[in-house]
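# Descriptive structure summary
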Amino acid sequence: MPHISLPDHLPGITGLLEFSQDTATPIRDLTQILLRGESSLTQGERELIATIVSHNNECIFCTSAHTAAADLLLGETETCEMVKHDLDNAPVSEKMKTLLTIAKMVQKSGKSVTPEAIANAKAQGATDMEIHDTVLIAALFCLYNRYVDGLASVTPADPSFYQYLGERIVNHGYTRLPQGYDHLKKS
Amino acid sequence: MAYIQLPEGAVGMRGLMAFRPHLAPHLGAFTEGILCIEEGLTKAEREIIGMFVSKLNDCQLCEGVHGAVAACYLADNEALIEQIKEDYENAPISDKLKALLSIAASVQKGGKHVSESQISKARELGATDIEIHDTVIIAATFCFFNRYIDGMGIAAIEDPEVFRQRGKMIAEGLGYAPKK
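Residues numbered from 1 in each chain as written. Chains lettered and ligands numbered in written order. Predicted model: local features only at pLDDT ≥ 70, side-chain atom pairs only at ≥ 80, totals over all residues. Heavy atoms only, no water.

The name given to chain B in an unreviewed UniProt entry is Carboxymuconolactone decarboxylase, and the organism recorded there is Emticicia agri.

Looking at an unreviewed UniProt entry, one finds chain A named Carboxymuconolactone decarboxylase and attributed to Emticicia agri.

Okay, here's the thing in structure tokens:
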């Protein structure tokens, strides 16, 4: 049960964002730009960053939602599974491995990021913008993961929920649905 | 030295804001929305939570700036800020704030560390849903900013006078949202 009173029909992050709509708008917009805006990293690659950080923070809600989004964007499920459990052998570019390594360091703490990890990423061709956005996305998910679990919002057990949510964040993105969420209330 | 090439002349968070200027309004509005309101928690209490989490994350820059903003709201009582940092349980602050700082410390470790007993204790001391919510989102947000700053290798600021000046500017009206 959540630590505070949240709408029953909105598990996970959505109920929290509806609880506090004033703070939700700018962070939704920030997330939309970072994960869906123009970037030399693909949307799928950016979802992998969100997923690996959520996975290491053991946030089941965020891991499941962003795994679903990454799988949809990549068109297969193997890459995301490998990234979570065996990054060294995952079928992603060497550059992406170095960026995901930085993301894993950010998950531990900002100070865990080493100059060597940055140098490795640059040696594999990562740009300053890519390194910046990797760190910022990884840090952002350290926020979301703590927000979701720190208030014990509901984590649905049904996999079809995450399929639906993954489709929503792929097809609509991270901004609030224009019609709100009342249509999700069970009659 | 920062890990990436940032625009010259802007120290701390400002360098990062200048690197990705179109993110700045959203980051600023978000920060202002959680720190610069007096509903439930006071502005001073909000800054104390931010300062406290930054200290736990060993982010010298955020600890310095937000400790200075908090001191400004508290009639320049820097000694109190130091006391909270060293031993908040015995500092002269309300029991409710102590309970909320304990929740913030758990959030800093990870969301799952927040326990039912911490929440019920805060409630017994009068904390509302909004105050508990705000404590968690502020603590989580500082876990974000601390990682952003240190993960980009942003240099520490050694001179406490810089924090005092910046704290005063923020507390006395500049806030965090970019001003036109």
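A separate point is the overall build of chain A. Per the secondary structure count, chain A includes nine helices and zero strands. In chain A, the succession of helices and strands from N to C terminus is α-α-α-α-α-α-α-α-α. In terms of overall size, chain A behaves like a compact globule, its C-alpha atoms giving a radius of gyration of 16 Å where 187 residues would be expected to give roughly 16 Å. With respect to the principal axes defined by its C-alpha atoms, chain A has extents near 55 × 30 × 30 Å. When burial is assessed residue by residue, chain A has 58% of its 187 residues classed as buried. Counted over contacts in chain A with a minimum sequence separation of 6, partners at least 24 positions apart contribute 67%. (Helix = DSSP H or I, 4+ residues; strand = E, 2+ residues; numbered from the N terminus. Rg over C-alpha atoms; globule rule 2.2 N^0.38 Å. Buried < 20%, exposed > 50% of the residue type's maximum accessible area, 1.4 Å probe, protein only. Contact = heavy atoms within 4.5 Å.)

Looking now at the interface of chain B and chain A. On the side of chain A, 44 residues touch chain B, which itself brings 44 residues to the contact. Counting the surface lost from both chain B and chain A, the interface buries some 3600 Å², and carbon and sulfur atoms represent 69% of this. Its largest share of buried area at the contact with chain A, chain B owes to B:Y3, B:H133 and B:R147, together 20% of the area lost on that side. Between the two partners, chain B and chain A, sit three salt bridges. Put simply, B:D150 and A:K111 hold a salt bridge, and the shortest N to O gap is 3.2 Å. At the boundary of chain B and chain A, one finds 17 residue pairs in polar contact (both at pLDDT 80 or more). Those elements that provide at least two residues to the side of chain B that touches chain A are α1 (13–19), α2 (24–35), α6 (95–109), α7 (116–124) and α8 (129–151) of chain B. With 15 residues, the single largest contributor to the side of chain B that touches chain A is α8(B). (Buried area = accessible area lost by both parts, 1.4 Å probe. Salt bridge = Lys/Arg side-chain N within 4 Å of Asp/Glu carboxyl O. Polar contact = N/O pair within 3.5 Å; in protein donor to acceptor, adjacent residues only side chain to side chain.)

A word on the packing of aromatic side chains. The relation between two aromatic rings is expressed through the spacing of the ring centres and the mutual angle of the planes. In the structure shown here, the tally under the stated rule is eight aromatic pairs over all chains. Seen from their ring centres, A:F61 and A:Y162 are 5.7 Å apart, and the 65° between their planes marks the pair as edge-to-face. Here A:F61 is found in helix α4 (residues 60–74), whereas its partner A:Y162 is found in helix α9 (residues 159–171), with 101 residues between them in sequence. With respect to class, A:F61 is no different from A:Y162; both count as buried. Aromatic side chains B:F52 and B:Y88 sit 5.1 Å apart centroid to centroid with 75° between the ring planes, which places their arrangement in the edge-to-face category. Of this pair, B:F52 sits in helix α3 (residues 43–56) while B:Y88 sits in the loop between α5 (78–87) and α6, and the two are 36 residues apart along the sequence. (Phe/Tyr/Trp six-rings, centres within 6.5 Å; stacked < 30°, edge-to-face > 60°.)

Let us now look at the side chain of B:S54. Within the element layout of this structure, B:S54 appears in helix α3. Each residue touching B:S54, except ones within four places of it in the same chain, is listed here: B:C59, B:C62, B:E63, B:F142 and B:N146.

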